[in-house]
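Observations on the three-dimensional arrangement
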Amino acid sequence: MGPLPRTLELFYDVLSPYSWLCFEVLCRYQKIWNVKLQLQPTLIAGIMKDSGNKPPALLPRKGQYLKSELSLLKHHFQVPIKFPKDFFSVIIDKGSLSAMRFLTAVNMETPEMLEKVSRELWMRVWSRAAEKAGLSAEQAQGLLGMISTAEVKKRLMEVTEVACKYGAFGLPVTVAHVDGQTHMLFGSDRMELLAYLLGEKWMGPVPPALNARL
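What counts as what
- Residues numbered from 1 in each chain as written.
- Predicted model: local features only at pLDDT ≥ 70, side-chain atom pairs only at ≥ 80, totals over all residues.
- Heavy atoms only, no water.
- Salt bridge = Lys/Arg side-chain N within 4 Å of Asp/Glu carboxyl O.
- Helix = DSSP H or I, 4+ residues; strand = E, 2+ residues; numbered from the N terminus.
- Buried < 20%, exposed > 50% of the residue type's maximum accessible area, 1.4 Å probe, protein only.
- Core = buried A, V, L, I, M, F, W, Y, C linked by side-chain atoms within 4.5 Å.
- Contact = heavy atoms within 4.5 Å.
- Polar contact = N/O pair within 3.5 Å; in protein donor to acceptor, adjacent residues only side chain to side chain.
- Axes fitted to C-alpha atoms, helices over the stretch in contact; angles between N-to-C directions.
- Parallel < 35°, antiparallel > 145°, perpendicular 65-115°, else oblique.
- Left-handed = near helix turned anticlockwise from the far one by under 90°.
- Nonpolar A, V, L, I, M, F, W, Y, C, P; charged D, E, K, R; others polar.
- UniProt positions renumbered as here; feature names shortened; annotations may be inferred.
- Phe/Tyr/Trp six-rings, centres within 6.5 Å; stacked < 30°, edge-to-face > 60°.

Things to note about the pattern of salt bridges
Two side chains carrying opposite charge are able to pair once their charged atoms lie near each other. Overall, the coordinates contain six salt bridges when judged by the stated rule. Between Glu115 and Arg119 there is a salt bridge, with its nearest N and O atoms 3.1 Å apart. In this pair, Glu115 and Arg119 both sit in helix 6 (residues 114-126), four residues apart, roughly one turn of the helix. Here Glu115 falls in the partly exposed class, since its relative accessible area comes to 24%. Between Arg124 and Glu120 there is a salt bridge, and its shortest N-O distance comes to 2.8 Å. Remark: Glu120 and Arg124 occur in helix 6; sequence separation between them is four residues, near one turn of the helix. Its relative accessible area of 45% is what places Arg124 among the partly exposed residues. Glu120 gets classed as buried once you look at its relative accessible area, which sits at 13%. Through salt bridges with shared partners, a single network forms among Glu24, Glu115 and Arg119.

Okay, structure coming up:
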């Protein structure tokens, strides 16, 4: 019997394109590294409020850099990010509260679908092309009906508070539980450091075995 898998928690919000990059990398490596990936839908607005941070896109120079960087990162990570033309309407004004409550409901009722449904929501926000996540119309309607319930609201708030207690000031946040220690890593560019902490091999954002299939 081999060693037990180490637990990785990914705290993410579909408004964050860097969360999408991190999400895809960890979903790829969960099949390669000896890890158990736990997806944690989180409200980025709550993280920002608790930490006193501000979205980078609200600062003009950071916003321009973000747009330029994402145009390069989408090729490097092989994730189809496309900057929304109506960015402030989609990202700033509408926010992600309903989307993250929906994902919270998915995690509570059909956790096996969380990866696919999360990916579809990112596709809708950042790529304008939706994939079919496998939910039936009846399932989707039932989950939508849950987003205004006290249970879902409480769960999303609790997960966001957990991320804040780990020290989150933005998203994505990956929390690695290794040898009795907890390590909080911020951003999508800490995967090489994560591999070091796990004693695993980092082979780039698209591992060779997966790259051959793409």
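Side note on the nonpolar core
Nonpolar side chains tend toward joint burial in soluble globular proteins. Counting residues in hydrophobic clusters, the biggest one holds 50 residues, and the most contacted among them are Leu8, Leu10, Tyr12, Trp20, Leu26, Leu103 and Leu194. Of the residues forming this core, the biggest block, nine residues, is contributed by helix 1 (residues 17-29). Beyond its immediate chain neighbours, meaning those up to four positions away, Leu10 contacts Cys22, Phe23, Leu26, Leu37, Gln38, Leu39, Gln40, Pro172, Val173 and Thr174. Counting residues in each nonpolar core, the second largest holds eleven residues, with Ile44, Val159, Ala168 and Leu171 among its members.

A closer look at the environment of Asn34
With respect to the element layout, Asn34 can be found in the loop between helix 1 and strand 2 (35-41). Residue classification places Asn34 among the partly exposed residues on the basis of a relative accessible area of 25%. The sequence separation of Asn34 and Leu4 amounts to 30 residues, and the corresponding C-alpha distance is 7.6 Å. Those residues within four positions of Asn34 in sequence are excluded, and the remaining contacts are Pro3, Leu4, Pro5, Arg6 and Glu200. There is a polar contact of 3.3 Å between the side chain of Asn34 and the backbone oxygen of Leu4.

Focus on the packing of helix 5 (residues 97-109) against helix 6
At a minimum axis distance of 9 Å, the contact between helix 5 and helix 6 shows a crossing angle of 165 degrees. On the basis of the axis angle, helix 5 is roughly antiparallel to helix 6. For the pair helix 5 and helix 6, the crossing hand works out as right-handed. Contact residues: Ala99, Phe102, Leu103, Val106 and Asn107 in helix 5; Leu114, Val117, Ser118 and Leu121 in helix 6. Its residues assigned to classes, the contact of helix 5 with helix 6 comprises seven nonpolar, two polar and no charged.

A few points about the UniProt feature "active site" (unreviewed entry) in the chain
Here, the residues flagged by UniProt with the feature "active site" (unreviewed entry) are Ser16. Structurally, Ser16 can be placed in the loop between strand 1 (6-12) and helix 1. With a relative accessible area of 5%, Ser16 lands in the buried category. With near-sequence residues (within four places) excluded, Ser16 lies in contact with Ile44, Trp122, Trp126, Leu171 and Pro172. For Ser16, the side chain forms a polar contact with the main-chain nitrogen of Ser19, separated by 3.0 Å.

Some points on the packing of aromatic side chains
Tallied over the full model, the rule gives nine aromatic pairs. Aromatic pair Phe23 and Trp122: ring centres 4.8 Å apart, planes at 50 degrees, arrangement tilted. Taken together, the residues span a long stretch of sequence, with Phe23 in helix 1 and Trp122 in helix 6 at a distance of 99 residues. In this pair, the class of Phe23 matches that of Trp122, namely buried.

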